Amino acid sequence: MSSHYETLGVTRDASAEEIKKAYRKLARKLHPDVNPGQDVADQFKAVTHAYEVLSDPQKRQVYDTTGNENGTAGGGGGGGGFGGFGDIFEQFFGGGQAQGPASRTQRGRDALVTASIELKDAVQGTVYTLDIETAVTCTVCNGSCCQPGTSPETCTICHGQGQVQRPVRSFLGQMMTVETCSACRGFGTTLPNPCNECMGQGRVRERVSKQLKVPAGVATGTRIHLAGQGEAGPGGGPAGDLYVEINVKRHAVFEREGNDLHATLRIPMTAAALGTELKLDTFDGEQEIRIEAGTQSSDTVKLSQLGVPRLRGGARGDLLVHVHVETPTKIDAEQRELLERLASLRDEEFAEGRLAERGGVFSRLRDKLGHRA
Ligand SMILES: [Zn+2]
Ligand SMILES: [Zn+2]
């Protein structure tokens, strides 16, 4: 095994310019386009590899110190040291080995659609009808892309390779580059009789309806993954996946926070003072709740386990009913008289207000609901 210096035919103290010159000279002579044959190709690889190591000051230093480019002393720089020459090799060959024709059959794309559901459906789960435009395999040609009874023909330009060689000028002189065949667009075959239904694509766009099972507990942003229900691939290829992102609509009465639901209950001042029982419409039907005598505005009545279920099963959140005590705004003379009498009985005729400290009930409520103060 000769050293990289020997391979390039330069001395150990050769300058970067000398190394480059030596490499160009050898590369011109040994380039596989100029000089085909396995021996020459191997030599070219060795020369290219030697140049890659010696033209990189860091690699060269490692090589000079240890005798191989991996930095392991005593490794001897065996014949398997071509691992790292990909960069420069591909630079000259435009991707190295020819890749052969591309297949018309490919996997379809994944698709993402949104499903807007009611809050009630998020609480209880539902079956949602997705109406989406997608790609489906052409039923006329079954994805073959050809009119029934016909088949693709080998491309006469690239002879089925999907690629053609084209000469280009480079600093190594004239070289051949490999390009996708424009006659067959790289497929290696042409379609003399493309399917009329799908224009030779093997698939068509169509509106389809799908029934989607939405589990209880979903929230806005929850994604449901339906494997193999995305767009059908070209040329009869398998379908990609379908992702459905849930959007839960705002509800007029209930606001969701995690798995709890919040609602505001407006009751008259008298009911708050005297206490009462009343019925509320919830997602679980009519529920009876008790308003204790002396209830204050912003007091909360908790209906345990009437919130949103956990997505993966388990306990439900709660329904929290925030009481809002309504002060009468229009009162007649008799009501005024009664209220004045009440105020008098309670020594409140000249009641003074006082400012509450911050952190009182309103701040706490706002914090709880996630609003900014
Ligand atoms: Zn077709
Ligand atoms: Zn072709």
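The rules behind the values
Residues numbered from 1 in each chain as written. Chains lettered and ligands numbered in written order. Predicted model: local features only at pLDDT ≥ 70, side-chain atom pairs only at ≥ 80, totals over all residues. Axes fitted to C-alpha atoms, helices over the stretch in contact; angles between N-to-C directions. Helix = DSSP H or I, 4+ residues; strand = E, 2+ residues; numbered from the N terminus. Parallel < 35°, antiparallel > 145°, perpendicular 65-115°, else oblique. Left-handed = near helix turned anticlockwise from the far one by under 90°. Contact = placed C-beta atoms within 7 Å. Nonpolar A, V, L, I, M, F, W, Y, C, P; charged D, E, K, R; others polar. Pairing = 2+ DSSP bridges. Buried ≥ 20, exposed ≤ 12 C-beta atoms within 10 Å, placed from the backbone. Expected span 1.5 Å × (residues − 1). pLDDT = per-residue confidence, 0-100. Core = buried A, V, L, I, M, F, W, Y, C linked by C-beta atoms within 7 Å. Domains from an automatic or database assignment.

**Quick notes on the packing of helix α2 (residues 16-30) against helix α3 (residues 38-54)**
Here's step 1: Relative orientation of the contacting elements α2 and α3 amounts to 165°, with a least axis distance of 10 Å. By the angle between their directions, the pair α2 and α3 is classed as roughly antiparallel. In this structure, the crossing between α2 and α3 has a hand that is left-handed. Across from Ile-19, Tyr-23, Leu-26, Ala-27 and Leu-30 in α2, the residues of α3 making contact are Val-40, Gln-43, Phe-44, Val-47, Tyr-51 and Leu-54.
Here's step 2: When the residues that make up the contact of α2 with α3 are grouped by side-chain class, the tally is 10 nonpolar, one polar and no charged.

**Focus: the sheet that holds strand β1 (residues 111-117)**
Here's step 1: The strand order across the open sheet formed by three strands is β1-β9-β8, and the pairing between neighbours is mixed. What marks the edges here is a single partner per strand, and that holds for β1 and β8 (223-226). For this sheet, the mean angle separating the axes of adjacent strands, direction not counted, is 25°.
Here's step 2: Sheet topology places β1 next to strand β9 (residues 242-248); seven bridges connect them, and they run parallel. Across the sheet, residue Ala-115 finds its bridge partner in β9, namely Ile-246.

**Examining unusual backbone geometry**
Here's step 1: For Met-199, which is not glycine, the phi dihedral falls at a positive 55°.
Here's step 2: Topologically, Met-199 is positioned in the loop between β6 (189-190) and β7 (203-214).
Here's step 3: Given 13 C-beta atoms within 10 Å, Met-199 falls into the partly exposed group.
Here's step 4: At Asp-347, a residue that is not glycine, the phi angle is positive and equals roughly 55°.
Here's step 5: If you trace the backbone, Asp-347 turns up in the loop between α8 (333-345) and α9 (361-369).

**Concerning α3**
Here's step 1: The end-to-end C-alpha separation of α3 is 24 Å, in line with the 24 Å expected for 17 residues at 1.5 Å each.
Here's step 2: Within α3, the full set of buried residues consists of Phe-44, Ala-46, Val-47, Thr-48, His-49, Ala-50, Tyr-51, Glu-52, Val-53 and Leu-54.

**Some words on the pairing of strand β13 (residues 285-291)**
Here's step 1: Both strand β12 (residues 276-282) and β13 contribute to a ladder of seven bridges, which runs antiparallel. Directly across from Leu-280, in β13, lies its bridge partner Gln-287.
Here's step 2: Counting the residues between successive antiparallel strands, the hairpin from β12 to β13 contains two residues.

**Structural notes on α8**
Here's step 1: Counted at 1.5 Å a residue, the expected span for α8 with its 13 residues is 18 Å, and the 18 Å between its end C-alpha atoms agrees.
Here's step 2: Sparse coverage of α8 is indicated by the burial of zero of its 13 residues.
Here's step 3: Of the residues one or two after α8, Asp-347 is the one with positive phi, at around 55°.

**Notes on the confidence of the model for the protein chain**
Atomic detail in the predicted coordinates should be set aside for any region of low pLDDT.
Here's step 1: In the predicted model, the protein chain carries a mean pLDDT of 86, and 87% of its residues have values of at least 70.
Here's step 2: Here residues 73-97 is modelled with pLDDT under 50, and outside its nearest four sequence neighbours on either side it reaches 30 contacts, counting other chains as well.

**Things to note about the sheet that holds strand β15 (residues 319-326)**
Here's step 1: Strand order in the open sheet formed by four strands is β10-β11-β15-β14, with mixed pairing between adjacent strands. Strands with a single pairing partner mark the edges of an open sheet, and in this sheet they are β10 (255-257) and β14 (300-303). Here the strands of the sheet are splayed against their neighbours by 30° on average, with no regard to which way each runs.
Here's step 2: Inspection of the sheet shows β10 paired to strand β11 (residues 260-268) by three bridges, in the antiparallel sense. In the sheet register, Arg-256 faces β11, and the bridge partner there is Leu-261.

**Points about the nonpolar core**
Here's step 1: In terms of nonpolar packing, the biggest core is built from 17 residues, with Ala-122, Val-244, Ile-246, Val-308, Leu-319 and Val-321 touching the most fellow members.
Here's step 2: Counting residues per element, the ones that place at least two in this core are α6 (119-124), β9 and β15.
Here's step 3: Split by domain, the residues of this core number at least three in each of domain 2 (111-152 + 191-248) and domain 3 (255-369).
Here's step 4: If we skip the residues at most four places from it in the chain, Leu-319 touches Leu-261, Ala-263, Thr-282, Leu-303, Leu-306 and Gly-307.
Here's step 5: Ranked by size, the runner-up nonpolar core spans 15 residues in total, among them Ala-22, Leu-26, Leu-30 and Val-53.

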